[in-house]
Amino acid sequence: MNNYFVILAAGKSKRFHKNIAKQFYNYKNKEIIDYSVEKAVKSKLFKKIIVVTNNINHFKKKKYPKIIKVIKGGKERSDSSLKALEYIKKFKPINVYIHDAARPNFSIKLLKNILKKLKKSKAVVPFIFSKDSVKYKIKNQIFNLNRNNAFLTQTPQAFRFKELYYLASKEKSKISDEATLFLNQNYKIKFIPGENQNFKITYLNDIKTSKIYYGIGFDLHKLIKNKKLFLGGIKIPFHSGLEGHSDGDVILHSIIDAILGATRKKDIGTYFPNTKKFKNIRSPKMLKPIIDSLYKSNFSINNLDINLICEQPKVSKYRDKIINSISNLIGVNKDLINLKGKTVEKLGLIGKEKAIACEVIISITKYD
């Protein structure tokens, strides 16, 4: 398994958004770049995965496994590709895949199919046929192009490292993809069927969304002695825990109700009634099917705003741990989650440290 996967993510994406490069844009709960990284890791086909970027600092906050190496990119796409090839040369690779980070929707099946074809070829490139009529201009004349003869090439493209490195190191002009290097020298390429969903994101409108929805969740439980306190899915050291049929985690209960509200699916009691089946159930187990259903319905979470209402414990002491826990449970970047601590100025049961409440507002987007 002497294969290497290069993800080119050094572009500025000026056509996509003036403030954010598309590879870092949140798309269905993940940054676009993370889809390529995670699929390459999950495939177990590669010794190393190389991310080429001009924003090294952005990746420092990501907890990537050791198999992933982030390196500095170049000015042009071809410069970044060559930098990656020069970096992996010391590992004596046999095969290398080159992939554009702007294509997050490829499948692991495609990765495996490419490798299978690479056993008998020096270059394998996926393609699809155009769905549109294609015209071609020569000087002042415009001609129709047979769509069956027009290949729309995709990435990842895979090559024998030795040949690709030789051609890339000799090339002086800008190229749009690595297949161009082989075509310019009349080297043979094995073209294979690509995937229609593996489109390249160029403009913001390429990521189609339909509508944004909002939901509100609220929960309140009494505090009782001799019970563990769970907030946001983690155990908090405290003299009391929250009374309830489950573990009483008011944060996760409020998140569940907020999701159900945004998707117009009644309330938490509908799915988890006070029956023997759910006695003492942990709230992460309640949250999981709700989140799974949300994502299967093609929704994405834009952000969560949480108010934890209590005198004690102090939210500031556990904020980061709770946010990290929620991030892992719902599968969104922790930067999209905000947790605020609110007191009630010693008023009522909450003010007397006999209860804790929580309210949540969620924003979700449905993708087409």
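Coordinates for the structure precede this section.
Residues numbered from 1 in each chain as written. Predicted model: local features only at pLDDT ≥ 70, side-chain atom pairs only at ≥ 80, totals over all residues. Heavy atoms only, no water.

It is not clear to me how the pairing of strand β17 (residues 299-309) should be interpreted in this structure. Could you clarify?
Within a regular beta strand, the side chains point alternately toward one face of the sheet and then the other, so they alternate between its two faces. Of all eleven residues making up β17, eight are buried, and the element is well covered by its neighbours. In this structure, β17 lies alongside strand β19 (residues 355-367), joined through ten bridges in antiparallel fashion. When the sheet's bridge partners are listed, phenylalanine 299 is paired in β19 with lysine 366. Summarising the sheet, β17 and strand β18 (residues 337-342) pair through six bridges and their orientation is parallel. Looking at the pairing, isoleucine 306 lines up with leucine 339 of β18. Of the crossover connections in this fold, the one passing from β17 over helix α10 (residues 315-330) to the parallel β18 is right-handed. (Buried < 20%, exposed > 50% of the residue type's maximum accessible area, 1.4 Å probe, protein only. Helix = DSSP H or I, 4+ residues; strand = E, 2+ residues; numbered from the N terminus. Pairing = 2+ DSSP bridges. Right-handed = clockwise from strand over helix to strand, strands pointing away.)

What am I meant to see in the packing of helix α3 (residues 77-88) against helix α5 (residues 161-170) here?
For any two helices packed against each other, the geometry is given by the interaxial angle and the distance between the axes. At a minimum axis separation of 10 Å, α3 and α5 run at an interaxial angle of 130 degrees. It follows that α3 is oblique to α5 by the angle criterion. In this structure, the crossing between α3 and α5 has a hand that is left-handed. When α3 is examined against α5, the residues Leu82, Leu85, Glu86 and Ile88 are found in contact with a partner set consisting of Phe161, Leu164, Tyr165, Ala168 and Ser169. Taken together, the residues that form the contact of α3 with α5 break down as seven nonpolar, one polar and one charged. (Axes fitted to C-alpha atoms, helices over the stretch in contact; angles between N-to-C directions. Parallel < 35°, antiparallel > 145°, perpendicular 65-115°, else oblique. Left-handed = near helix turned anticlockwise from the far one by under 90°. Contact = heavy atoms within 4.5 Å. Nonpolar A, V, L, I, M, F, W, Y, C, P; charged D, E, K, R; others polar.)

In this structure, what is going on with the pattern of salt bridges? I would like to understand it.
Pairing is possible between side chains that carry opposite charge, provided their charged atoms lie close to one another. A full pass over the atoms with the stated rule returns eleven salt bridges. Across the pair glutamate 31 and lysine 62 runs a salt bridge, and its minimum N-O distance is 2.8 Å. Remark: lysine 62 occurs in the loop between α2 (56-60) and β5 (68-72) and glutamate 31 occurs in strand β3 (residues 30-31); sequence separation between them is 31 residues. Taking the shortest distance from any N to any O, the salt bridge between arginine 77 and aspartate 100 comes out at 2.9 Å. Placement of the pair is arginine 77 in helix α3 and aspartate 100 in strand β6 (residues 95-100), with a sequence separation of 23 residues. (Salt bridge = Lys/Arg side-chain N within 4 Å of Asp/Glu carboxyl O.)

Help me understand the pairing of strand β7 (residues 123-129) in this model?
Counting buried positions over the seven residues of β7 gives six, a clear majority of the element. Two strands pair when backbone bridges link them, and β7 and strand β11 (residues 157-160) are joined in this way by two bridges, in the antiparallel orientation. Across the sheet, residue valine 124 finds its bridge partner in β11, namely alanine 158. Here β7 pairs with strand β12 (residues 190-193) via four bridges, running parallel. When the sheet's bridge partners are listed, valine 125 is paired in β12 with phenylalanine 191. Across three bridges, the pairing between β7 and strand β10 (residues 151-153) is antiparallel. From the neighbouring strand, phenylalanine 127 faces β10, where its bridge partner is threonine 153.

Which parts of the structure should I look at to understand the environment of proline 156?
Mapped onto the fold, proline 156 is located in the loop between β10 and β11. Excluding its chain neighbours within four sequence positions, the residues that come into contact with proline 156 are Phe5, Tyr97, Ile98, His99, Phe106, Leu110, Leu111, Ile114 and Pro126.

Could you clarify how one ought to interpret the nonpolar core in this entry?
For soluble globular proteins, nonpolar side chains are generally found buried alongside one another. Ranked by internal contacts, the top residues of the largest apolar core, which has 44 residues, are Ile251, Ile255, Leu308 and Ile326. It is helix α7 (residues 250-262) that provides the largest number of residues to this core, a total of nine residues. Contacts of isoleucine 255, omitting those with residues within four sequence positions, involve Leu287, Leu304, Ile306, Ile326 and Val360. The next biggest cluster of nonpolar side chains, apart from the first, holds 26 residues, and it includes Leu82, Phe161, Tyr165 and Leu181. (Core = buried A, V, L, I, M, F, W, Y, C linked by side-chain atoms within 4.5 Å.)

Looking at this structure, I do not really get unusual backbone geometry. What am I missing?
Across the chain, the bulk of peptide bonds are trans and the bulk of non-glycine residues have phi less than zero. Residue threonine 155 is joined to proline 156 through a cis peptide bond whose omega torsion reads 10 degrees. Here the residue pair glutamine 312 and proline 313 is connected by a cis peptide bond, since its omega of -5 degrees sits within 30 degrees of zero. With respect to the helices, strands and loops of the structure, proline 313 is situated in the loop between β17 and α10. You will see that lysine 266, though not glycine, has its phi angle at about 65 degrees, which is positive.

Please explain helix α4 (residues 108-118) as it appears in this structure.
Within an α-helix, residues lying three or four positions from one another point in the same direction, as the helix has 3.6 residues per turn. Every buried residue belonging to α4 is among Leu110, Leu111, Ile114, Leu115 and Leu118, and all of these are buried. Each buried residue of α4 sits inside an arc of 135 degrees when the element is viewed along its axis, so together they form one side. The exposed set on the far side of α4, more than 90 degrees from its buried face, consists of Lys109 and Lys116. (Arc of directions from axis to C-beta.)

In this structure, what is going on with the side chain of histidine 221? I would like to understand it.
For histidine 221, the location among the structural elements is in strand β13 (residues 209-225). The class for histidine 221 is buried, based on a relative accessible area of 16%. Setting aside anything within four residues of it in sequence, one finds histidine 221 in contact with Leu242, Glu243, Gly244, Gly248, Val250, His253, Ala355 and Ile356.

What is the right way to read the packing of α7 against helix α9 (residues 283-296) from this model?
Orientation of α7 relative to α9, taken along the N-to-C sense of each, is 20 degrees, at an axis distance of 10 Å. Regarding the angle of α7 to α9, the classification is roughly parallel. The element α7 and its partner α9 pack so that their crossing is left-handed. Counting all contacts with α7, which are made through Leu252, His253, Ile255, Ile256, Ile259 and Leu260, the residues of α9 involved are Ser283, Pro284, Met286, Leu287, Ile290, Ile291 and Leu294. Residues of the contact of α7 with α9, tallied by class, amount to eleven nonpolar, two polar and no charged.

None of the figures reported here should be taken as evidence of function without further support.
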